[in-house]
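Examination of the molecular architecture
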Amino acid sequence: MRPTPLARRLGLADAVFLGLGSMIGAGVFAAFGPAARAAGAGLLIALVVAAVVAYCNAMSSARLAAIHPQSGGTYVYGRERLGEFWGYLAGWGFVTGKTASCAAMTLTVVAYAAPGLGQPWRGLLAVAVVGGLTAVNYFGVHRSALATRVIVSCTLLVLTAAAVTMATGPAAGGPLVAWPGAGGVLEAAGLLFFAFAGYARLATLGEEVRDPARTIPRAIPLALGLTLVVYAALAVLLLVRLGPAALAASPDPIAAAVPGWLAPVVRVGAALAALGSLLALILGVSRTTLAMSRDGHLPRFLAAVHPRYDVPHRAELAVGLVVAVLAAFLDLRAAIGFSSFAVLTYYAVANAAALTLKGKARAVLGLAGCVVLAFSLPLPSVLAGCVALVLGASAYGVRRIRR
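Here's a quick rundown of the structure. Everything numeric here is computed off the predicted structure, so don't read it as measured data.

**Concerning helix α5 (residues 74-81)**
- Those residues of α5 not exposed but buried are T74, Y75, V76, Y77 and G78.
- Directly after α5, the chain includes G83, whose backbone phi takes a positive value near 125°.

Below is the structure:
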């Protein structure tokens, strides 16, 4: 029996806003500090490196999405262009990495909305956040798109106000760009890439976008370009306002860089931005889970589509449950490090799949960039990511033997 198709309700503007909601999220409020600790005044160089790799990945994803406009993103591209195993590995990396990223975004919401809150209340609030956003996704992707539009608009207003006050405030002095060494720049680029990675969520919505062959290749570069403009402007302003040392030491650099009266508004904006990222993350992970379940790589009962709301409701509930458990107990740094490695693996498969198409230069650069940035991450993150990939590959092998 053919699987029930999803309803195509999203236009170009919806897709771009979903991409912005995925990228201009918690990363813009939290990623600059850790990146500055790794690269110092070389933050801008690291931002350029991350943007180049992200652009190459975006172009590979856009070209593949035009040819294979189905839910699942690189899971589908790898399966169709490279073989079943590589598609499975990409899907496994996406589901595991982005589930950890969902937990990280949930913890970011809690940290900004209720600073200093201890257990067990922190865990209970995290579970409530995940439950609320899972309910939004459950009742239809068009409602998710509307919620994301509202959240992105509020976030951009907060960032605009912060940028204006930073631009008119006193400068800290010191160089804006420096070369701290290749290792520091690449580590910072890997951290900043975590904040860029949202454009892949657009490709996972291939079955829910109107005219996907035309819409997705346009939406991905538009969302990425707008995000890069926002990130670059904020990076320059933060370096000017705080200086590299203070930026590296600040857990909340944008709030630290604005006047005291605006700091509470920035914290609210950060919580909203993290909610926007989490909303789009749960949406993307559930669609890849749907695609893998249809093919039998995950339990087939997760492939059901709700007859009224036209969403993969069982996959969404399963993802929401796992994220809630992780967010209640997981450490934020561990979640981000593991997610970065898994996501870079996902994009490496996307670029490898794009090598089967004409015009390979960007795919070669994207593939090399993913590998370099993945292994530039801290050693614990690399080891945990490798273990997860080996476990996933072993599960695939056992399934093949049983078949």
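What follows continues from the structure just given.
**Things to note about the layout of surface pockets**
- Here the second largest pocket defines a volume of roughly 190 Å³.
- V95, T99, A318, V319 and V322 are the residues nearest the centre of the second largest pocket, which is lined by 13 residues in total.
- Of all the elements in the fold, those that place two or more residues in the lining of the second largest pocket are α6 (84-113), α14 (263-294) and α15 (313-329).
- Looking at the lining of the second largest pocket residue by residue, the classes come out as 10 nonpolar, three polar and no charged.

**Here we look at α6**
- Helix length check: α6, at 30 residues, gives a terminal C-alpha distance of 43 Å against a target of 44 Å (1.5 Å per residue), a fit within 8%.
- Counting buried residues along α6, 24 of its 30 residues qualify, which places the element largely inside the surrounding structure.

**Focus: the packing of aromatic side chains**
- A full pass over the atoms with the stated rule returns nine aromatic pairs.
- Taking 6.3 Å as the distance between ring centres and 20° as the angle between the ring planes, the aromatic pair formed by Y88 and W92 counts as stacked. Taken together, the residues span about one helical turn, with Y88 and W92 both in helix α6 at a distance of four residues.

The rules behind these values
Residues numbered from 1 in each chain as written. Predicted model: local features only at pLDDT ≥ 70, side-chain atom pairs only at ≥ 80, totals over all residues. Heavy atoms only, no water. Buried < 20%, exposed > 50% of the residue type's maximum accessible area, 1.4 Å probe, protein only. Helix = DSSP H or I, 4+ residues; strand = E, 2+ residues; numbered from the N terminus. 1 Å grid on protein atoms, 1.4 Å probe; cavity = no way out; pocket = protein on both sides within 12 Å on 5 of 7 lines; lining within 4 Å. Points joined across faces, edges and corners; volume = space filled by probe spheres on them. Nonpolar A, V, L, I, M, F, W, Y, C, P; charged D, E, K, R; others polar. Expected span 1.5 Å × (residues − 1). Phe/Tyr/Trp six-rings, centres within 6.5 Å; stacked < 30°, edge-to-face > 60°.

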